[in-house]
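Examination of the molecular architecture
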Amino acid sequence: MAVAERCVAPSARSLVKKVRGWPVFGQSPPMLAFMGAVFLAAVGALVPAAAAAPLRLRDTLLFAALVLCAALCVEAMRRLGTPSGLTRDLFGAWWIPTLLLLPPVYSLLIPVPVYLLMQFRIRRTMVHRRVFNAASVAFAGAASSWLFHAAAGIPAGQTERAVPEVLFTPSGALLAFVCCALFTVLNTAIITVAVRLSAPDAPWRRLLWDREAVTVDSVELCVGITVAILSGLSLLLLAIALPPVLLLQRSLMYQQLQEAARNDPKTGLLNATTWEREAGAVVGQARRDRLRAAVLIIDIDHFKRVNDTYGHLVGDRILNAVADALHGQLRPRDVIGRFGGEEFVVLLPETDLADACKVAERLRRRVSVLRPQVDGVPVDVTVSIGVALLHVHGDDLVDLLALADLALYRAKDAGRDRVRLPMTGEGLIPDQHRADEAPARRTARGS
């Protein structure tokens, strides 16, 4: 017995160590608790939902048909490709008919085969993310399905009454719309909380609640209800509903792939190639019309020190926070992009020297008050900014970038956390005395 214990103990310790090394345990405790709560809620609802729903051949065939349609959408996504990060799809076209036409237990089950196919057919990603997404869809779908069937008075064994007796009446159609909207809102809210917990400084509002997201969710809702009506009338009508959904899915993914090709994956700003192309067009037009324009190069001070001290995940959070802060202070016509590493670049059309310096100083101040927290400790974040003006420091984009870069190095040499022009003696920058006090402030903070 003693020998057996000596043999088993190291193996058990190795197993525990291996389990603790899983990526899911690298999440923060609040995020881990939230993911666990959503998963347990979905799994916990499965037993009573299964007990309340009688096994019927019609329900099984409809469920299998909807899963098959969703699988074909997964295959279409695989052939086209998918962008990294948060992506939007039209799987609601199959979730919504499930929650309207079938007992709630099927809403809990349908995400399982679909997300398994996505994991193995599209892109292998962290398993806990697939599980969480499936649990979120399952929980939101089951809750909405239960509400719809309870409010419509549809018994569990008579779900075929949903279409002729409910969806074809004004009050029933309104109820279906409300319940499907509840599903979308609930699922989005769960994802929003998860994004907020995993990256508090990320621009989650722009990712989840922008006009494009609302448009896609609205289209998904309408398509889902339409597919529900068709499939409720006859399974054969799914053959008519599937091609338009595949086309919409393809168009949506193509748009997201185009967007991903234009944007930096970490910050969502324009990448360097796209920024140069768009900024070059603006500068060319400004030269022809003899208008002013300014280029700003913005560099996060001591960013390497942040990565070395806190790790690259914290560095990415700070990078996103700075990008969001800069983007929020600019006009819609201003062109902002990530130039690489910790550098950002901004083109300000129709802006003279004084206004360009005011904008640069406003951006510097906005970043200096961010102070994101790492393990409850605030981290000081500052930026140095170089400014160059069209017709004054250069006559094309290449010259402006070179001179703004020179101005950036002047700002760094002067102590960082300040705004500079390419050469001395070119006029005062507004509030420059505030920037010159930066070393004293940093000393007072103990940095």
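As a reminder, the structure under discussion sits directly above these lines.
To start, this report covers the structure provided alongside it. (Residues numbered from 1 in each chain as written. Predicted model: local features only at pLDDT ≥ 70, side-chain atom pairs only at ≥ 80, totals over all residues. Heavy atoms only, no water.)

Quick look at the overall build of the protein
Assigned secondary structure in the protein consists of 19 helices and seven strands. In the protein, buried positions account for 44% of the 447 residues. Within the protein, residue pairs in contact and separated by at least 24 positions form 74% of the contacts whose partners lie at least 6 positions apart. Total accessible area on the protein is roughly 22,300 Å²; 62% of this is exposed by carbon and sulfur atoms. (Helix = DSSP H or I, 4+ residues; strand = E, 2+ residues; numbered from the N terminus. Buried < 20%, exposed > 50% of the residue type's maximum accessible area, 1.4 Å probe, protein only. Contact = heavy atoms within 4.5 Å. Areas by Shrake-Rupley, 256 points an atom, 1.4 Å probe, with all protein chains shown as cover.)

Considering unusual backbone geometry
Phi at Glu350 takes a positive value of approximately 50°, unusual for a residue other than glycine. In this structure Glu350 comes out as exposed when scored by relative accessible area, which is 51%. Notably, Asp417 is not glycine yet its phi reads approximately 55°, a positive angle. Following the sequence through the fold, Asp417 ends up in the loop between helix H17 (397-413) and strand S7 (419-420).

Quick look at the side chain of Thr192
Following the sequence through the fold, Thr192 ends up in helix H9 (residues 170-198). On the accessibility criterion, Thr192 (9% relative accessible area) is buried. There is a polar contact of 2.7 Å between the side chain of Thr192 and the backbone oxygen of Thr188. (Polar contact = N/O pair within 3.5 Å; in protein donor to acceptor, adjacent residues only side chain to side chain.)

A word on the packing of aromatic side chains
Applying the stated criterion across every chain yields a total of five aromatic pairs. For the ring pair Phe34 and Phe132, a centre distance of 6.0 Å and an interplane angle of 55° mean the geometry is tilted. Residue Phe34 is found in helix H2 (residues 29-52), and its partner Phe132 is found in helix H7 (residues 127-152); the two are separated by 98 residues along the sequence. Phe132 shares its class with Phe34; the two are buried. Between Phe91 and Trp95, the aromatic rings sit 5.9 Å apart at their centres with planes inclined by 40°, giving tilted as the arrangement. Here Phe91 falls in the buried class, since its relative accessible area comes to 1%. The buried category is assigned to Trp95, whose relative accessible area is 6%. Grouped by ring-pair contacts, the aromatic residues Phe91, Trp95 and Tyr115 constitute a single cluster. Of note, Lys412 hangs over the ring of Tyr409, and the distance from its end group to the ring centre comes to 5.2 Å. (Phe/Tyr/Trp six-rings, centres within 6.5 Å; stacked < 30°, edge-to-face > 60°. Lys NZ or Arg CZ within 6 Å of the ring centre and 35° of its normal.)

Quick look at the pairing of strand S2 (residues 335-340)
Looking along a regular strand, one sees side chains alternate from face to face of the sheet. Where S2 and strand S3 (residues 343-349) come together, five bridges link them in antiparallel fashion. Of the residues in S3, the one forming a bridge with Val335 is Leu347. Linking two consecutive strands that pair antiparallel, namely S2 and S3, is a turn of two residues; a positive phi of about 60° is found at Gly341 within it. (Pairing = 2+ DSSP bridges.)

With respect to the packing of H7 against H9
Axis separation between H7 and H9 bottoms out at 9 Å; the angle between their running directions is 155°. Considering their axes alone, H7 and H9 lie roughly antiparallel with respect to each other. The way H7 lies across H9 gives a crossing that is right-handed. Of the residues contributing to the contact of H7 with H9, the split by class is 18 nonpolar, six polar and no charged. (Axes fitted to C-alpha atoms, helices over the stretch in contact; angles between N-to-C directions. Parallel < 35°, antiparallel > 145°, perpendicular 65-115°, else oblique. Left-handed = near helix turned anticlockwise from the far one by under 90°. Nonpolar A, V, L, I, M, F, W, Y, C, P; charged D, E, K, R; others polar.)

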